[in-house]
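# Tertiary structure, described
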Amino acid sequence: RVSRLSLEPTSLRLRALTGVLATGGYSRKMAAAEAKRKVNWPSEWKDAAGELTIAARSAVEKPVKLYTSWFCPFAQRAWIAMEEKQIDYQWMEINPYEVDPREPGGYTKKALPIAKKREIFPEFVEVSPTGLVPGLDNDGEKVHDSMIVIEYIDEAFVGPALLPSSPLERARQRKWSQYVTDKIQKDYYTMLIAQDQKLQEEYREKFFESCRVFAEAMAPVEKGPYFHGSSFTMVDIAFAPFWQRFVWVGGYYRDLEFPKNDEAFDRLDRWWKAVSARKSVADTFVCKPRLISSYKQYSRNEATSNYGKMIQSAIANAKNRNVNTGSLGSKNGANGAAVSTGSRLIDSAGKTLKAVAATCLALAVGAAVLNKSAGEKSRK
């Protein structure tokens, strides 16, 4: 099968097209899809390994169907897992966004409502009721959500194990995969979407720190380049699509550069060199300018996707927090000034009271002396 052969990308596509012609009748459908896909492509967009893999995987009807989107990092997780296990599957492209012919490729980040997705992609919404990629239909067995799909793939199909055998190590895999989802990538996307320079820098530093925390959990590099050492596992799959975007998209829109002479980032660099060279990962790398272009609206904070709205809400909360902190600082400053003034008044009053007390004491002493003198005279 084409999916199990180690071929160069161009050979892979030629072999796939030959297979399509041999099946008869399906080649026209594929050709039409190919023509539609390339509408309004700029000249610098060229098919890379990812596009060639998609073309091959889309060619023939299969009982195993991966519902996915070429640009989505969460969907790319499932894609890498399918390639790593060398599963014979059919690629089902889903565009969950509006199409704007004025944009390169027609791409936007303006989400279609679930009713519209159900109308356009009924089989997909049946697999993924949330309308979010990825979704997997394994001959009637349907699962969705990227990490759940990866674990299902690992258990349902033969091939290299994606999780260690130890219950403790499996738990660690889930923990750090979730850390990528809940912390690292959110710090990065907040930096990408934020328009305020100060907020961008704040989240750049948060992103760097969350990367350092992740790096500390990795196996020593002497045991191997991957998170678990010599074994390529679920955590590597969970993180790889996002690191690709940190490098490509973050570098383009936010001049993102990783710290130099930093032990944590040196470890992550070793990891990325090994991961990005792995065939199952490299075969999912689409055209770089095309991927960068698809994030233009994120970089301008113009996205209306569910994910975009979530990050926008986080940005609004961060701004409110900063404003409240600033107001509290001003209030504290005013209170501090008032306290300082009050202290000075109290000190002055205290000095006055001391002076009055001293005067009264002197008068009392003087009166006592006079009384004593008068008494002595009367006795005489």
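Being a predicted model, the structure only gives us computed values, none of them experimental.

Reading the values: rules and limits
Residues numbered from 1 in each chain as written. Predicted model: local features only at pLDDT ≥ 70, side-chain atom pairs only at ≥ 80, totals over all residues. Heavy atoms only, no water. pLDDT = per-residue confidence, 0-100. Contact = heavy atoms within 4.5 Å. Helix = DSSP H or I, 4+ residues; strand = E, 2+ residues; numbered from the N terminus. Buried < 20%, exposed > 50% of the residue type's maximum accessible area, 1.4 Å probe, protein only. Expected span 1.5 Å × (residues − 1). Bend = angle between axes of the 7 residues up to and from the residue. Pairing = 2+ DSSP bridges. Right-handed = clockwise from strand over helix to strand, strands pointing away. Core = buried A, V, L, I, M, F, W, Y, C linked by side-chain atoms within 4.5 Å.

## Things to note about the confidence of the model for the protein chain
Confidence in the prediction for the protein chain averages 84 pLDDT; 76% of positions are at 70 or higher. This stretch, residues 1-27, has a pLDDT under 50; its non-local contacts, to residues over four places away or in other chains, come to 37 contacts. Low pLDDT (under 50) marks residues 372-380, which in the prediction has zero contacts with non-local residues, meaning those over four places away or in another chain.

## So, the environment of E44
Looking at the secondary structure, you find E44 in the loop between α2 (27-37) and α3 (49-57). The exposure class of E44 is partly exposed, given its relative accessible area of 48%. With 245 residues separating them in the primary sequence, E44 and P289 have C-alpha atoms 7.2 Å apart. In contact with E44, other than residues within four places in its own chain, are C287 and P289.

## Details of unusual backbone geometry
Residues other than glycine predominantly adopt negative phi, and peptide bonds predominantly adopt the trans conformation. The residue after V133, namely P134, is reached through a cis peptide bond having omega 5°. Located in the positive-phi region is N40, a residue other than glycine, with phi close to 65°. Locating N40 in the fold gives a position in the loop between α2 and α3. Phi is positive for D139, close to 50°, though the residue is something other than glycine.

## A few points about helix α10 (residues 234-254)
Compared with an ideal rise of 1.5 Å per residue, which puts 21 residues at 30 Å, α10 spans 29 Å between its outermost C-alpha atoms and is within 8% of the ideal. Along α10, the largest kink reaches about 35° and is centred on A240; proline P241 follows within four residues of it. Once α10 ends, the next one or two residues include D255, with phi positive near 50°.

## Brief notes about the pairing of strand β2 (residues 90-93)
Within a regular strand, the side chains alternate between the two sheet faces. Direction of pairing for strand β1 (residues 64-68) relative to β2: parallel, over a ladder of four bridges. Residue pairing across strands places Y67 opposite M92, the latter belonging to β2. Note on the crossover from β1 through helix α4 (residues 73-84) to β2: the handedness is right-handed.

## Considering the nonpolar core
Core analysis: the largest hydrophobic core is formed by 92 residues, its most contacted members being L136 and F214. The leading source of residues in this core is α10, at twelve residues. Once residues lying within four places of it in the same chain are set aside, the contact partners of L136 are V64, K65, L66, M82, V127, E141, K142, V143, V149, Y152, I153 and F157.

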